[in-house]
Amino acid sequence: MIYFDYASTTPLNQEVLSAYTKLLQQVYANADSLHAPGREAQRLMEKSRAQIAQLLSVKADEILFTSCASEANSTAIKGFALANRHRGNHIITTCVEHSSVLKAFAQLEAEFGFKIDYLPVTKKGIVNAERLHQLLNKDTILVSLMYVNNETGAVNPVIELCEYIHQHSRAMVHVDCVQALGKLSIPLSCIDMATFSAHKIYGLKGSAFLYKQRNIKLLPLINGGQQEQGIRGGTSNAPANIVLAKTLRLALEKQDEHYAYVRSLRDDLCAKLQAMENVQIHSNDLCVPHIVNASFLNVGSEIMLNALDERGFCVSAQSTCSSRSKAHSYVLAAMGLGEHIATHSIRISLSHLTTADEVNQLIQALKEINHDYGTE
Ligand code: PLP
């Protein structure tokens with residue numbers, strides 16, 4: 001099996017695995033219990049929170065552990081909108097967000113009467129800033145946008161966008177940083193809320209966190225005890241939360257080195273894809289190199305996926321969270337690429353673990369499939 005689906009999830013780092021295994025055995029007390037093992041679990045969890053905060057240059061009480069980035073997105077968006085509706089009822093996002101963001105917005109509109117605007121994206125897949133400028137108004141309380149798109153790798157100019165929003169409105173900005181973490185630097189000083197997930201950076205599934213500036217009020221979505229400042233009830237997953245600091249440290253430590261390596265792999269992959277017949281590459285110079293989205297004009301996404309699977313290659317079409325719906329890629333459609341392109345695309349995602357030989361094997365398989373099925 002050759003894995004090209006790192007944007008869906010990553011394998012567990014061995015150091016994280018061995019630390020976690022020990023924690024599972026040793027740190028089983030409830031971090032809210034007042035006895036010694038409970039206090040120790042709490043101490044280790046707070047140490048991890050402080051380390052995460054330090055790695056991202058924020059304060060420890062601005063980090064809230066959650067079970068996944070989908071939960072962190074829901075908490076940031078619904079929690080903020082519902083706690084701040086007295087300030088205005090207009091919220092903005094983009095039409096290429098992850099489903100956890102889009103569905104939170106749709107729910108706020110359908111169930112709670114918020115007025116929503118979806119920002120279009122340019123042909124290169126980044127937020128249309130002009131439209132954002134037009135849409136901001138005195139009722140806008142929140143703008144949620146992603147840093148890196150999970151289907152194309154397109155990178156939004158987050159600093160400029162945040163600065164503009166803060167200068168021209170009262171809105172807070174939430175940024176989904178899930179696909180940016182471990183790849184790009186994260187400018188939290190200009191962001192009000194941001195979401196991150198461990199399993200995209202060689203950490204545990206079911207482990208994530210929300211960064212939230214101190215003064216921001218959120219309505220808790222999970223009621224319970226005092227955990228996570230009362231914003232997210234439920235017995236803390238102490239071992240997962242404790243190992244998250246190590247996961248993040250390891251991901252950031254070699255970020256630049258890994259980025260340069262992945263870029264060289266991507267350049268090679270794209271050059272070889274470009275030399276093939278009937279292939280259109282949608283990832284561009286504004287994208288992280290870890291994601292290459294391309295359409296094989298004569299081979300539908302599902303056929304390509306299955307043919308690659310039979311040959312032992314793992315790739316995705318669209319994002320994995322939409323993979324069971326037959327819908328075409330709404331991200332490519334939003335980039336104006338048309339129905340045919342949007343139903344014929346695949347996402348190849350790369351990592352520092354990918355080798356040049358694996359890329360060559362994938363190219364060989366793609367050539368064969370393109371030839372065999374290429375008469376649609
Ligand atoms: N946001 C983006 C951009 C993603 O790519 C993903 C996962 O694919 C998520 C959010 C959700 O992350 P999680 O699986 O931790 O809920």
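A. Local environment of helix α2 (residues 36–55). In this model α2 runs 28 Å from its N-terminal to its C-terminal C-alpha over 20 residues, within 8% of the 28 Å that 1.5 Å per residue would give. Listed as buried for α2 are G38, A41, L44, M45, S48, R49, I52 and A53. Considering only its buried residues, α2 is in contact with β2 (63–66), β8 (208–212) and α7 (238–253). The first or second residue beyond α2 is S57, which carries a positive phi of 55°.

B. Local environment of the site of the ligand. Close contacts around the ligand come from 13 residues, with S70, D176, Q179, S197 and K200 the closest. In this structure, S197 approaches the ligand through a side-chain N or O atom, which is 2.6 Å from an oxygen atom. Bound to the protein, the ligand loses 90% of the 390 Å² it would expose on its own. The dominant element in the shell around the ligand, judged by the number of residues it contributes, is helix α3 (residues 69–83), at 3 residues. For the shell around the ligand, the residue count by class is 4 nonpolar, 7 polar and 2 charged.

C. Structural context of unusual backbone geometry. Within the chain, E228 stands out as a residue other than glycine whose phi angle is a positive 45°. Tracing the chain through its elements places E228 in the loop between β8 and α7. Since its relative accessible area comes to 7%, E228 is described here as buried.

D. The arrangement of the packing of α2 against α7 in detail. Where α2 contacts α7, the axes come no closer than 8 Å and their chain directions differ by 25°. It follows from the interaxial angle that α2 and α7 lie roughly parallel. The interaxial crossing formed by α2 with α7 has left-handed handedness. Along its contact with α2, which presents A41, L44, M45, S48, Q51, I52 and L55, the element α7 presents A238, N241, I242, L244, A245, L248, R249 and L252. Of the residues that constitute the contact of α2 with α7, the class distribution is 11 nonpolar, 3 polar and 1 charged.

E. A look at the domain arrangement of the protein. According to the domain assignment, the protein contains domain 1 (14–252) and domain 2 (254–373). Here domain 1 is connected to domain 2 by 1 salt bridge. Listed by contribution, the elements that provide at least two residues to the side of domain 1 that touches domain 2 are α4 (99–112) and α7. Per element, the largest residue contribution to the side of domain 1 that touches domain 2 is 3 residues, and it comes from α7.

How each quantity is defined
Residues numbered from 1 in each chain as written. Predicted model: local features only at pLDDT ≥ 70, side-chain atom pairs only at ≥ 80, totals over all residues. Heavy atoms only, no water. Helix = DSSP H or I, 4+ residues; strand = E, 2+ residues; numbered from the N terminus. Expected span 1.5 Å × (residues − 1). Buried < 20%, exposed > 50% of the residue type's maximum accessible area, 1.4 Å probe, protein only. Contact = heavy atoms within 4.5 Å. Near = heavy atom within 4 Å. Polar contact = N/O pair within 3.5 Å; in protein donor to acceptor, adjacent residues only side chain to side chain. Areas by Shrake-Rupley, 256 points an atom, 1.4 Å probe, with all protein chains shown as cover. Nonpolar A, V, L, I, M, F, W, Y, C, P; charged D, E, K, R; others polar. Axes fitted to C-alpha atoms, helices over the stretch in contact; angles between N-to-C directions. Parallel < 35°, antiparallel > 145°, perpendicular 65-115°, else oblique. Left-handed = near helix turned anticlockwise from the far one by under 90°. Domains from an automatic or database assignment. Salt bridge = Lys/Arg side-chain N within 4 Å of Asp/Glu carboxyl O.

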